[in-house]
Amino acid sequence: MKELKIFSPATVANVSCGFDVLGFCLDSIGDEMVIRKTDKKGIYITKIEGYDLPFEAENNVAGVSALAMLNDAKPDFGFEIEIYKNIKPGSGIGSSSASAVGSVFAMNELLGKPYNKTELTNFAMKGEALASQCEHADNIAPAVFGGFTLVKSVTPLEILQLPTPKDIYAVIIHPQIEIKTAEARAILPKEIPLKSAITQWSNVGSLVHALHTSDYELLSKSLTDVVVEPYRSQLIPHFNAVRQSALESGAIGCGISGSGPSIFNLCHGKERANQVAQAIKNVYSKTGIPFEVYISEINTQGIKIL
Ligand code: HSE
């Protein structure tokens, strides 16, 4: 095999209470990439469509993760990368992770699969770090493993796959403004009150339990973030109005997707997801800010060959 085309999915990181550790994988939005072997050693980004991104491998997240794998595998050939970007950079639904994961997933296939999913996550984190100036895996892990994931530890890297309850849909609203992850991290406090920490880790624990037991009510009560959301929600216009209308329309929960500006909602059943999508569209239509709304199943497969 000389060439592969892949679909690299968008993802939702944090899932309210799980800053930097929880994430889940989306189905209906993602990037496509073509990776091919070349005789010339090295990584060459030959095409980028959709958004304006750097072509030099060392300045491009897909290139940086690819270089990390190449330096480890040391094959006597190189790779060309074509990126067909659908996920807007700075959208909060894992744009950089999709690129970072795409190159290493496809290269691994073309190399005969020498690396496991945790190792792929590790290489992809190098690319993600270029975008967010910090190595974290909460967008990368769900893109690689699919479903809901928990980053148990970064050093050494340990990813836990969590169950996906039946019939759960994500509704995403993406206001067309850009929030840079590095900036959204810079506004967070370095220390948090013990009271907030207790609430937060209780919510993470109960969220994990809710996923294991398909307890939608407990899931709803667990999707609360007292640590990060109070700071970041101020960067997202009309966040509170969206949240209120989503919950009134029957969403299980609503929170900031990754570092924003996208807002995610989890819903039980497609009909409910449609109602929530309509409700939040109604809120945002009045604001004058352009936006996109996506309804997606939880993608339990993760990144895939097309
Ligand atoms: N956990 C990360 C953050 C996700 O919220 O900053 C975005 O990369």
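Basis of the calculations
Residues numbered from 1 in each chain as written. Predicted model: local features only at pLDDT ≥ 70, side-chain atom pairs only at ≥ 80, totals over all residues. Heavy atoms only, no water. Helix = DSSP H or I, 4+ residues; strand = E, 2+ residues; numbered from the N terminus. Polar contact = N/O pair within 3.5 Å; in protein donor to acceptor, adjacent residues only side chain to side chain. Domains from an automatic or database assignment. Contact = heavy atoms within 4.5 Å. Buried area = accessible area lost by both parts, 1.4 Å probe. Salt bridge = Lys/Arg side-chain N within 4 Å of Asp/Glu carboxyl O. Near = heavy atom within 4 Å. Areas by Shrake-Rupley, 256 points an atom, 1.4 Å probe, with all protein chains shown as cover. Nonpolar A, V, L, I, M, F, W, Y, C, P; charged D, E, K, R; others polar. Core = buried A, V, L, I, M, F, W, Y, C linked by side-chain atoms within 4.5 Å. Buried < 20%, exposed > 50% of the residue type's maximum accessible area, 1.4 Å probe, protein only. Phe/Tyr/Trp six-rings, centres within 6.5 Å; stacked < 30°, edge-to-face > 60°. Pairing = 2+ DSSP bridges. Expected span 1.5 Å × (residues − 1). Patch = residues over 30% accessible without salt bridge, like charges linked within 9 Å, V, L, I, M, F, W, Y side chains within 5 Å.

Here we look at the side chain of S97
Alright, step 1. Its place among the elements puts S97 in helix α2 (residues 95–110).
Alright, step 2. Side-chain polar atoms of S97 contact the side chain of E128, separated by 2.6 Å.

Description of the domain arrangement of the chain
Alright, step 1. Each assigned domain of the chain is listed with its residue range as follows: domain 1 (3–162) and domain 2 (168–297).
Alright, step 2. Every contact between the two is made by 29 residues of domain 1 and, on the other side, 38 residues of domain 2.
Alright, step 3. Approximately 2,500 Å² of surface area, both sides summed, lies buried where domain 1 meets domain 2, with 65% of it carried by carbon and sulfur atoms.
Alright, step 4. The three residues of domain 1 that bury the most area against domain 2 are S16, C17 and F19, which together make up 24% of that side's buried surface.
Alright, step 5. The interface formed by domain 1 and domain 2 contains one salt bridge.
Alright, step 6. In this structure, the salt-bridge partner of D20 is R185, at a minimum N-O distance of 2.7 Å.
Alright, step 7. The interface formed by domain 1 and domain 2 includes 10 residue pairs in polar contact (both at pLDDT 80 or more).

Section: the site of the ligand
Alright, step 1. Neighbouring residues of the ligand: A13, N14, F19, D20, H136, D138, N139, T181, R185, R232, G258 and S259.
Alright, step 2. One of the side-chain nitrogen or oxygen atoms of N14 is found 2.8 Å away from an oxygen atom of the ligand.
Alright, step 3. A distance of 3.5 Å separates an oxygen atom of the ligand from a polar side-chain atom of H136.
Alright, step 4. Here the ligand has 260 Å² of accessible area as a free molecule, and 97% of this is covered by the chains.
Alright, step 5. For the shell around the ligand, the per-class residue count stands at two nonpolar, six polar and four charged.
Alright, step 6. Inspection of the shell around the ligand shows a minimum of three residues originating in each of domain 1 (3–162) and domain 2 (168–297).

What about the nonpolar core?
Alright, step 1. If you look at the biggest cluster of nonpolar residues, it comprises 39 residues, and the most contacted ones within it are I35, I43, F79, I81 and M107.
Alright, step 2. Elements with a contribution of two residues or more to this core: β1 (3–13), β2 (22–38), β3 (43–49), α1 (61–73), β4 (78–84), α2, α3 (117–132) and α4 (140–145).
Alright, step 3. What M107 contacts, discounting residues up to four positions off in sequence, is I35, I43, A66, M69, L70 and F79.
Alright, step 4. In terms of nonpolar packing, the next biggest core, distinct from the first, is built from 30 residues, L22, L162, A210 and L219 among them.

Re the packing of aromatic side chains
Alright, step 1. Under the criterion given, the structure shown has five aromatic pairs.
Alright, step 2. When the ring of F24 is compared with that of F148, the centres are 5.1 Å apart and the planes differ by 45°; the resulting orientation is tilted. With a gap of 124 residues between them, F24 in strand β2 and F148 in strand β5 (residues 148–153) connect regions that are remote in the sequence.
Alright, step 3. Since its relative accessible area comes to 0%, F24 is described here as buried.
Alright, step 4. Note on F148: relative accessible area 2%, which makes it buried.

Let's talk about the pairing of strand β6 (residues 158–162)
Alright, step 1. Both β5 and β6 contribute to a ladder of five bridges, which runs antiparallel. Paired with V151 across the strands is I159, a residue of β6.
Alright, step 2. Count of turn residues in the β5/β6 antiparallel hairpin: four residues.

A look at α1
Alright, step 1. The end-to-end C-alpha distance of α1 is 18 Å, a good match for the 18 Å that 13 residues give at a rise of 1.5 Å each.
Alright, step 2. Regarding α1, the residues found buried are V61, A62, G63, V64, S65, A66, A68, M69 and L70.
Alright, step 3. If you follow the buried residues of α1, they end up packed against β2, β3, β4, α2 and α3.
Alright, step 4. Two or three places before A62, at the opening of α1, N60 has a side-chain oxygen 2.8 Å from that residue's backbone nitrogen.
Alright, step 5. In the stretch just after α1, K74 is the one whose phi turns positive, near 50°.

A word on a nonpolar patch on the surface
Alright, step 1. A surface patch of nonpolar side chains, about 240 Å² in accessible area, is lined by I187, Y231 and L235.
Alright, step 2. Tracing the backbone through its elements, the reader meets Y231 in helix α8 (residues 229–232).
Alright, step 3. Assessed through its relative accessible area of 37%, Y231 is described here as partly exposed.

Considering the side chain of S296
Alright, step 1. Tracing the sequence through the fold places S296 in strand β10 (residues 291–297).
Alright, step 2. By relative accessible area, S296 is classed as buried at 3%.
Alright, step 3. In this structure the side chain of S296 is engaged in a polar contact, spanning 2.7 Å, whose partner is the backbone nitrogen of D27.
Alright, step 4. In this structure the side chain of S296 is engaged in a polar contact, spanning 3.3 Å, whose partner is the backbone nitrogen of S28.
Alright, step 5. When near neighbours in sequence (up to four residues on either side) are disregarded, S296 contacts L26, D27, S28, Y169 and A170.

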